[in-house]
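Geometric and topological summary
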Amino acid sequence: MLDHQERISALSHVLWISGSPCAGKSSIGHAIARTHVFLDYHFDPMERNHVARSNAQNNPALMEFLAMDMEQRWLSRSPEVMARNVIESWTARFRLVIEDLLAMPREWFIVAEGNFFPESLTSYLADPHQAIWLVPADALCERVRRQRNAERVKRQKSAGMYQETGYTEERRLRNIIDRDCYLAHYVKSQAEIRRLPIYEVDGSRSLDEMTLLVENHFEPYIVKRLSQMEHL
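Quick summary incoming for the structure in this document. Sequence order as written defines residue numbering, which begins from 1 separately in each chain. For this predicted model, a pLDDT threshold of at least 70 governs which residues receive local features, and a threshold of 80 or more governs which side-chain atom pairs are given and counted, while totals over whole chains, interfaces and linings are taken from all residues. For the side-chain quantities, the full set of heavy atoms in the structure was used; hydrogens and water were omitted.

Section: the overall build of the protein chain
Helix and strand assignments come from DSSP, with helices taken as H or I runs of at least 4 residues and strands as E runs of at least 2, each series counted from the N terminus. Secondary structure assignment for the protein chain yields 10 helices and five strands. Taken along its principal axes, the extent of the C-alpha atoms in the protein chain is 65 × 45 × 40 Å. Expressed as a percentage of its 232 residues, the buried residues of the protein chain come to 47%. Here, residues are in contact when the closest pair of their heavy atoms is within 4.5 Å. Partitioning the intrachain contacts of the protein chain with sequence separation of at least 6 by distance along the chain shows that 82% fall at a separation of at least 24. With an accessible surface of roughly 12,300 Å², the protein chain has 53% of that area assigned to carbon and sulfur atoms. A gap of 3 Å separates the mean positions of the 29 positive and 32 negative side-chain charges of the protein chain. For every residue, the accessible area obtained with a 1.4 Å probe (protein chains only) is divided by the maximum for its type, and the residue is called buried under 20%, exposed over 50%, and partly exposed between those limits. Exposure was quantified through the Shrake-Rupley algorithm and a 1.4 Å probe, taking into account, for residues, occlusion by the shown protein chains and nothing else. Charge counting follows a simple rule: Lys and Arg are positive, Asp and Glu are negative, and His as well as the terminal groups are ignored. By convention, the point assigned to a charge is CZ for Arg, NZ for Lys, CD for Glu and CG for Asp.

Description of the pairing of strand 1 (residues 14-19)
Where burial is concerned, most of strand 1 is hidden: six out of the six residues are buried. Both faces of strand 1 are covered, namely the face carrying Val14, Trp16 and Ser18 and the face carrying Leu15, Ile17 and Gly19. Here strand 1 runs beside strand 3 (residues 110-113); their pairing, made up of four bridges, is parallel. In the sheet register, Leu15 faces strand 3, and the bridge partner there is Val111. Bridging between strand 1 and strand 4 (residues 131-136) involves four bridges; their strand directions are parallel. A pair of strands counts as paired when DSSP detects no fewer than two bridges linking them.

As for the sheet that holds strand 5 (residues 198-201)
With parallel pairing, the five strands of this open sheet are ordered in space as 2-3-1-4-5. Here the strands that pair on one side only, and so sit at the sheet edges, are strand 2 (39-42) and strand 5. Between one strand and the next, the sheet's axes are offset by a mean angle of 20 degrees, whatever the strand orientation. Relative to strand 3, strand 2 runs parallel, the two sharing four bridges. For Asp40, the partnering residue across the bridge sits in strand 3 and is Val111. Under this scheme, a helix contributes an axis fitted over its contacting stretch, all axes are lines through C-alpha atoms, and angles between N-to-C directions fall in the 0 to 180 degree range.

Things to note about helix 6 (residues 79-102)
One less than the number of residues in a helix, times 1.5 Å, gives the span that helix is expected to have. Counted at 1.5 Å a residue, the expected span for helix 6 with its 24 residues is 34 Å, and the 34 Å between its end C-alpha atoms agrees. Taken as a whole, helix 6 carries its principal kink of about 30 degrees at Phe94. For helix 6, the tally of buried residues reaches 17 of 24 residues, placing the bulk of the element in the interior. One axis is fitted to the seven residues ending at the residue and one to the seven starting there. The bend at that residue is the angle between these axes.

Focus: the nonpolar core
Put simply, a nonpolar core is a bunch of buried Ala, Val, Leu, Ile, Met, Phe, Trp, Tyr and Cys residues held in one set by side-chain atoms that sit within 4.5 Å of each other. In terms of nonpolar packing, the biggest core is built from 32 residues, with Trp16, Phe94, Val97, Leu101, Phe116 and Leu121 touching the most fellow members. Of all the elements, helix 6 adds the most residues to this core, at nine residues. Apart from the residues lying within four places of it in its own chain, the contact partners of Leu101 are Leu11, Val14, Trp16, Tyr41, Ile110 and Ala112. Core analysis: the next-biggest nonpolar cluster, separate from the first, contains 25 residues, Ala23, Phe109, Leu173 and Tyr221 among them.

Notes on the packing of aromatic side chains
Two rings from Phe, Tyr or Trp (for Trp, the six-membered ring) form a pair when their centres sit within 6.5 Å of each other. Planes less than 30 degrees apart are called stacked, planes more than 60 degrees apart edge-to-face, and all others tilted. Inspection of the entire model under this criterion finds 12 aromatic pairs. Taking the centre distance of 6.2 Å and the plane angle of 90 degrees together, the rings of Phe43 and Trp90 count as edge-to-face. Linking Phe43 in the loop between strand 2 and helix 3 (47-52) with Trp90 in helix 6, this pair joins segments that are 47 residues apart in sequence. Grouping residues by exposure puts Phe43 and Trp90 together as buried.

Brief notes about unusual backbone geometry
A positive phi is found at Cys22, a non-glycine position, where the angle reads about 80 degrees. Within the element layout of this structure, Cys22 appears in the loop between strand 1 and helix 2 (25-36). Classification of Cys22 as buried rests on a relative accessible area of 4%. The residue Val37 is not glycine, and still its phi comes out positive at about 55 degrees.

With respect to the pattern of salt bridges
The working definition used for a salt bridge is a side-chain nitrogen of Lys or Arg within 4 Å of a carboxyl oxygen of Asp or Glu. All chains considered together, the criterion is met by 13 salt bridges. Here Asp127 and Lys224 are joined by a salt bridge, their closest N and O atoms 2.8 Å apart. You can see Asp127 sitting in the loop between helix 7 (118-121) and strand 4 and its partner Lys224 sitting in helix 10 (residues 207-230), a full 97 residues away along the chain. On the basis of relative accessibility, which here comes to 37%, the residue Lys224 falls in the partly exposed class. One network of salt bridges, in which partners are shared, links Glu142, Arg146, Glu170, Arg174 and Asp178.

Honestly, that's just the spatial picture; any functional story needs more than this.
So, in structure tokens, the structure goes:
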């Protein structure tokens, strides 16, 4: 069993792209990993695995969410209450993220992308350039969510699975958008309190430009880390 300082050392090859939904983190993480032949790790695809490893004791917020029906999840709760449940659930899942990353190869860099909150991640960083937080501006958050919803509806219609729900569909989408805006503001405030590197994404930069921005942030740490490895 590693102590905390040993875990920091064991995770020193991890580059963290953190933040909140709709900021483009997944696309940037994929691009950097593909370009530099780094390993990559993504929080969202690990959800089912994390659910299987969770219970009412280690993640009560997740179990509460799973026990809800669709109306309780997306319609009957306020966006603020939805966001607080997400914060508690994702915070509890972070211990599983650490377990996952410690089990991965340590010979090269890993790009870890996901909704990792500053208060969870900060104590695992060996250097400020090891992580960056990306959050969307409110207008971008709404645009991305509506685009994703339109694509989901199109796929469901193509597969003959779409059911028209009228105003409830708009209410559900509005609640999710407002929840995600709340999360973005929360992450931004938590990062600013800790003086962590954070960038508010407004959609004015292309994916290539945003990827370059994140790469430039990581470069000093990568150079330093490679230099350290050469002297081992």
